[in-house]
Amino acid sequence: MPSKGAPAQLRDDGGTAVGSPEHSGDQARGTGGNGTAGRFRPRFGGKLGGKRRDTGNDGITPYLLLLPALAATAIFLVYPAIREILISFQRLNAFELIQHVTEWNGFQNYQTILSSSDFWHSVERSVLFTAVNVFLIMVLGSLVGLLLNRLGSRMRFVLSLALVFAWAMPVLAGTTVFQWLFDQNYGVVDWLLSQLGWKSMAHYDWLNSQFSAFTVIALLLVWQSIPFVAFNLYAGLTTISTELYEAARLDGADAWRIFRSVIFPILKPFFLSTTFLEIIWIFGALPQVLAISGGGPQGSTATLPVYAYLVGVGQQSYGMGAAVAVVTIVMLCLMMSYYFRIILKQEDEL
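Please read these numbers as outputs of a predicted model, since none were measured by experiment.

Trainee: What exactly am I supposed to notice about the overall build of the protein chain here?
Mentor: When you go through the protein chain residue by residue, the secondary structure sums to 16 helices and 0 strands. Here the protein chain holds 350 residues, and the buried ones make up 33% of them. Taking the contacts inside the protein chain whose residues are at least 6 apart along the sequence as the reference set, 61% of them involve residues at least 24 apart. If you sum the accessible surface of the protein chain, you get close to 22,800 Å²; carbon and sulfur atoms cover 65% of it.

This is the structure in structure tokens:
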């Protein structure tokens, strides 16, 4: 017999409905039919539904994680840059260096180098040399990246392996290989050209003129830089859907039109970032130029980093060399300002 209170109702499955005395009693006890749900419900709800306790360390945790990287940056980048700037305002030569004497001369070092014709010739040389090399690297590297995307798995592996070997070779080791290839007496290039019919190229001195010396240096830099561009482009190409290529081919687009209308717009951030990274790499190339030609003949291949080395270490005028290095950094920052402006514009649009 149902008790007074909520009337008992039968469910379709024959059980007692919500208004039944059994269920009412369960609700009063805060449990289910077996008395177990109520024991777990408050704890379960309190665990997930409650507010997370603020320990007070959440605000500084990201900074603690960044602390090792910031410390390494300060030690290996910020401190040397500050020291370089301070030395550029000093008259520091071998005597002051040995005697530990600091002689400040203000902006005299900057006035001297900015009024030097050799410095401005080095600036012209560096800008032109960088422009030619970056153009060759981006064009050839992009072609190799496109080739990686079109090859089968086996040939892609072989080509990737060759690119990795070229990329992993240390700079001075690769420079030594090119010195041997273009050696005047035992070079493979001179021998091969003479065998192909250019008899005048036998025992040709590649470092005797500005153009031929820059040719050897450019080949070395392009050879070392192509793998970076090729691998990055291939990685970007794998993110483009094949449906876009199929749609472009159905519209009658050839390979050049597909690259211009499909690949380049999608991978434009990659091309911009890679181009500016290559500008920094080529503009600051020191060991390749110094080991191949030493800035010769007669300083005709001395780019700005080489000029700073020749003035600072060669002439033991470390203050002047530091001033050239600081001016080089300022010029790089000015050239990179366009890239920084693009990055800031993209961040504002997000």
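Having seen the structure, we can now continue with the description.
Trainee: In this structure, what is going on with the packing of helix α6 (residues 117-150) against helix α13 (residues 268-283)? I would like to understand it.
Mentor: For any two helices packed against each other, the geometry comes down to the angle between their axes and how far apart the axes lie. For the pair α6 and α13, interaxial distance at closest approach is 9 Å and the crossing angle is 135 degrees. Classified by the interaxial angle, the pair formed by α6 and α13 is oblique. For α6 against α13, the interelement crossing comes out right-handed. Listed contacts from α13 to Ser126, Val127, Phe129, Thr130, Asn133, Val134, Ile137, Met138 and Ser142 of α6 are Phe271, Thr274, Thr275, Glu278, Ile279, Ile282 and Phe283.

Trainee: Even after reading the chapter, I still don't get the packing of aromatic side chains, so can you show me in this structure?
Mentor: In the structure shown here, the tally under the stated rule is 17 aromatic pairs. Ring geometry for Phe119 and Trp120: centres 5.2 Å apart, planes at 75 degrees, overall edge-to-face. In this structure Trp120 comes out as partly exposed when scored by relative accessible area, which is 41%. Aromatic side chains Trp256 and Phe259 sit 6.0 Å apart centroid to centroid with 25 degrees between the ring planes, which places their arrangement in the stacked category. Of this pair, Trp256 and Phe259 are both found in helix α12 (residues 255-266), 3 residues apart, which corresponds to roughly one turn of the helix. Given the relative accessible area of 54%, Trp256 is considered exposed. Among the residues examined, Phe259 registers a relative accessible area of 18% and is labelled buried. Aromatic rings pair up to connect Phe178, Phe182, Tyr204, Trp206 and Trp223 into one cluster.

Trainee: I'm lost on the pattern of salt bridges in this one. Help?
Mentor: Side chains that carry opposite charge are capable of pairing whenever their charged atoms lie near each other. What the rule picks out here adds up to 2 salt bridges. Here Arg91 makes a salt bridge to Glu96, at a shortest N to O gap of 2.9 Å. Residue Arg91 is classed as partly exposed on the basis of its relative accessible area, which comes to 40%. Exposure remark for Glu96: the relative accessible area of 4% places this residue in the buried category. Put simply, Arg91 and Glu103 hold a salt bridge, and the shortest N to O gap is 3.7 Å. Here the residue Arg91 occupies a position in the loop between α3 (61-87) and α4 (94-99), and Glu103 occupies one in the loop between α4 and α5 (108-114), the gap between them amounting to 12 residues. Counted as one network, the salt bridges with shared partners bring together Arg91, Glu96 and Glu103.

Trainee: Even after reading the chapter, I still don't get the packing of helix α11 (residues 242-250) against α12, so can you show me in this structure?
Mentor: Where α11 contacts α12, the axes come no closer than 10 Å and their chain directions differ by 155 degrees. Accordingly, the angle class assigned to the pair α11 and α12 is roughly antiparallel. As α11 runs across α12, the sense of the crossing is right-handed. In this structure, α11 contributes Leu244, Tyr245, Ala248 and Arg249 to the contact, and α12 contributes Ile258, Val262, Ile263 and Ile266.

Trainee: Quick question: what am I supposed to make of helix α10 (residues 210-237) here?
Mentor: Because each turn of an α-helix spans 3.6 residues, side chains separated by three or four positions end up pointing in the same direction. Taking 1.5 Å as the rise per residue, α10 with 28 residues should run 40 Å; its terminal C-alpha atoms sit 39 Å apart, in good agreement. Where α10 bends most, the angle comes to about 35 degrees, and this point is Ser225, followed within four residues by the proline Pro227.

Trainee: For this particular structure, what's the right way to read the side chain of Ser122?
Mentor: Examined against the element boundaries, Ser122 turns out to sit in helix α6. The residues touching Ser122, leaving out its near neighbours within four places in the chain, are Ala302, Thr303, Leu304 and Tyr307.

Trainee: What's the story with the environment of Val123 in this structure? I'm lost.
Mentor: When you line up the elements, Val123 lands in helix α6. Classification of Val123 as buried rests on a relative accessible area of 10%. Excluding residues that lie within four positions of it along the chain, Val123 makes contacts with Leu304 and Met331.

Trainee: Help me out: how do you make sense of helix α8 (residues 171-181) in this one?
Mentor: Within α8, the full set of buried residues consists of Gly174, Thr175 and Phe178. Here the buried residues of α8 occupy an arc of 100 degrees about the axis, which is enough to place them on one side. Residues of α8 that are buried make contact with α10 and α14 (287-292).

Trainee: Honestly, the environment of Leu221 in this entry has me stumped. Any pointers?
Mentor: With respect to the element layout, Leu221 can be found in helix α10. For Leu221, the contacting residues outside a window of four places in its chain are Phe129, Asn133, Ile137, Trp281, Ile282, Ala285 and Gln288.

Trainee: Explain the nonpolar core here, please?
Mentor: By size, the foremost hydrophobic cluster in this structure holds 46 residues, and its most contacted members are Leu163, Ile217, Leu237, Ile240, Ile263, Leu267 and Phe271. Breaking this core down by element, the ones donating at least two residues are α6, α10, α11, α12, α13, α14 and α16 (318-349). Once residues within four sequence positions are removed from consideration, Phe271 is found in contact with Met138, Ser142, Leu233, Phe259 and Phe264. If you look at the next biggest cluster of nonpolar residues, it comprises 16 residues, including Ile113, Phe119, Phe283 and Leu304.

The rules behind the values
- Residues numbered from 1 in each chain as written.
- Predicted model: local features only at pLDDT ≥ 70, side-chain atom pairs only at ≥ 80, totals over all residues.
- Heavy atoms only, no water.
- Helix = DSSP H or I, 4+ residues; strand = E, 2+ residues; numbered from the N terminus.
- Buried < 20%, exposed > 50% of the residue type's maximum accessible area, 1.4 Å probe, protein only.
- Contact = heavy atoms within 4.5 Å.
- Areas by Shrake-Rupley, 256 points an atom, 1.4 Å probe, with all protein chains shown as cover.
- Axes fitted to C-alpha atoms, helices over the stretch in contact; angles between N-to-C directions.
- Parallel < 35°, antiparallel > 145°, perpendicular 65-115°, else oblique.
- Left-handed = near helix turned anticlockwise from the far one by under 90°.
- Phe/Tyr/Trp six-rings, centres within 6.5 Å; stacked < 30°, edge-to-face > 60°.
- Salt bridge = Lys/Arg side-chain N within 4 Å of Asp/Glu carboxyl O.
- Expected span 1.5 Å × (residues − 1).
- Bend = angle between axes of the 7 residues up to and from the residue.
- Arc of directions from axis to C-beta.
- Core = buried A, V, L, I, M, F, W, Y, C linked by side-chain atoms within 4.5 Å.

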